[in-house]
Amino acid sequence: NHSAKEYSGPSVLSWQLDGRKAIRLPIPAYKCYKGGTVTVTITVDNSGNVIKAKINTLLSTEDECLRNFAINAAMLSRFSASASANPKQIGEIVYQFLAQ
C-alpha cells in the first residue's frame, strides 16, 4: 500500500534582481525524492512579474522533477515594480531542494 505524500520545499537559497525587492517567492510542495540545487534565470517586466524562467543547466541538478518544480515556483514569483528598469530585466532565483 503506497500512499501519495505531499512534501514541503524547496527553500529559496537566494535571489538576485538589481534594484528590486521580492514581493512573493513561493515555496511550493513538490513530489520529488532526490535533492539538489536548481538555479533559475528569470526575466521580469516593469510590473514585477516573472515573464520567463529558464534553468541554468551549468548550476543545476539534472533531476527533471526538481527542475520542473523550480520553474513553476519561479513563474509564480513577484518582485517590486520599477518604471525605470529594463522592461525585460534579468535575474535569478536559487532553490535548494532537500531529499525526501
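Figured I'd write up the structure that's included with this text.

Criteria and thresholds
Residues numbered from 1 in each chain as written. Predicted model: local features only at pLDDT ≥ 70, side-chain atom pairs only at ≥ 80, totals over all residues. Heavy atoms only, no water. Salt bridge = Lys/Arg side-chain N within 4 Å of Asp/Glu carboxyl O. Helix = DSSP H or I, 4+ residues; strand = E, 2+ residues; numbered from the N terminus. Buried < 20%, exposed > 50% of the residue type's maximum accessible area, 1.4 Å probe, protein only. Pairing = 2+ DSSP bridges. Axes fitted to C-alpha atoms, helices over the stretch in contact; angles between N-to-C directions. Contact = heavy atoms within 4.5 Å.

**So, the pattern of salt bridges**
Thinking step 1. Evaluation of the coordinates by the stated rule reveals one salt bridge.
Thinking step 2. The residue Glu 64 makes a salt bridge to Arg 67 at a minimum N-O spacing of 3.9 Å. With Glu 64 and Arg 67 both in helix 1 (residues 64-75) and three residues apart, the pair spans about one turn of that helix.
Thinking step 3. For Glu 64, a relative accessible area of 49% corresponds to the partly exposed category.

**Some points on the sheet that holds strand 6 (residues 89-97)**
Thinking step 1. Here four strands make up an open sheet; going across it, the order is 1-6-3-4 and the pairing antiparallel. Whereas interior strands pair on both sides, the edge strands pair on one side only; in this sheet they are strand 1 (11-16) and strand 4 (50-55). Taken over all neighbouring pairs, the strand axes of this sheet differ in orientation by 25° on average, direction set aside.
Thinking step 2. Sheet topology places strand 3 (residues 36-44) next to strand 6; nine bridges connect them, and they run antiparallel. Pairing of Ile 42 across the sheet is with Gly 91, part of strand 6.
Thinking step 3. Set on the sheet, helix 1 makes contact with strand 3, strand 4 and strand 6; between it and strand 4 the angle comes to about 160°.

**Some remarks on the pairing of strand 3**
Thinking step 1. For strand 3, a buried count of seven out of nine residues is recorded, marking the element as mostly surrounded by other parts of the structure.
Thinking step 2. Pairing geometry for strand 3 and strand 4, over five bridges, is antiparallel. Its bridge partner being in strand 4, Val 44 is matched across the sheet by Val 50.
Thinking step 3. As consecutive antiparallel partners, strand 3 and strand 4 are separated by five residues, and within that stretch Gly 48 has a phi angle of approximately 100°, a positive value.

Remember, this is a structural readout, not a statement about activity or role.
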